[in-house]
Amino acid sequence: MAAAGDGPWLDDAAGRLVRPFTVSNGRTEPSIAFDLMSQVMATGATPLGYLGPEHAQALDLCRAPVSVAEIAAYLKLPAVVTKVLLSDLVDCGALTAKPPVFHHNPTDRSLLEAVLDGLRRQL
């Protein structure tokens, strides 16, 4: 079993010990409309009030611009839960969000090539 503070609470046999929607307090609607390709980045401002460990992990991942989909993958959370966490961070001024560049045509050839290039760099 992972130690507290080592990321999401996981058990080798049972999997995640905390249900994903517990992380967002059962909320399924972010206060900001995010696309999976939206880019978010930390502002450097310290969030006021209590934020959970998943908020801190998400904020740590946003030192450089990163997509909502990538953050969801790193956190191993459903995209809708990740969007709620990110909207909390935008609401408190800790993150900025930018809509995707290719918002007009998600099957645009240049977009698909950019995704393929990014995947190749990761492998």
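Provided above is the structure to which this section pertains.
Residues numbered from 1 in each chain as written. Predicted model: local features only at pLDDT ≥ 70, side-chain atom pairs only at ≥ 80, totals over all residues. Heavy atoms only, no water.

### Concerning the nonpolar core
Across soluble globular proteins, you tend to see nonpolar side chains buried next to one another.
Step number 1: Counting 16 residues, the largest nonpolar core has Val40, Ile71, Leu86 and Leu95 as the members making the most contacts within it.
Step number 2: Breaking this core down by element, the ones donating at least two residues are helix H3 (68–75) and helix H4 (79–91).
Step number 3: Among the elements that line this core, the one with the most residues is H4, at five residues.
Step number 4: For Leu95, the residues in contact, after removing those within four places along its chain, are Val40, Met41, Ala42, Thr43, Leu59, Cys62, Leu86, Leu89 and Val90. (Core = buried A, V, L, I, M, F, W, Y, C linked by side-chain atoms within 4.5 Å. Buried < 20%, exposed > 50% of the residue type's maximum accessible area, 1.4 Å probe, protein only. Helix = DSSP H or I, 4+ residues; strand = E, 2+ residues; numbered from the N terminus. Contact = heavy atoms within 4.5 Å.)

### Observations regarding the pattern of salt bridges
Step number 1: For the structure on display, the rule yields two salt bridges.
Step number 2: Between Asp60 and Arg63 there is a salt bridge whose closest N-O contact spans 2.2 Å.
Step number 3: In this structure, Glu113 engages Arg109 in a salt bridge whose closest nitrogen and oxygen atoms are separated by 2.9 Å. Of this pair, Glu113 and Arg109 both sit in helix H5 (residues 109–122), four residues apart, which is roughly one turn of the helix.
Step number 4: Looking at Glu113, the relative accessible area reads 38%, which means it is partly exposed. (Salt bridge = Lys/Arg side-chain N within 4 Å of Asp/Glu carboxyl O.)

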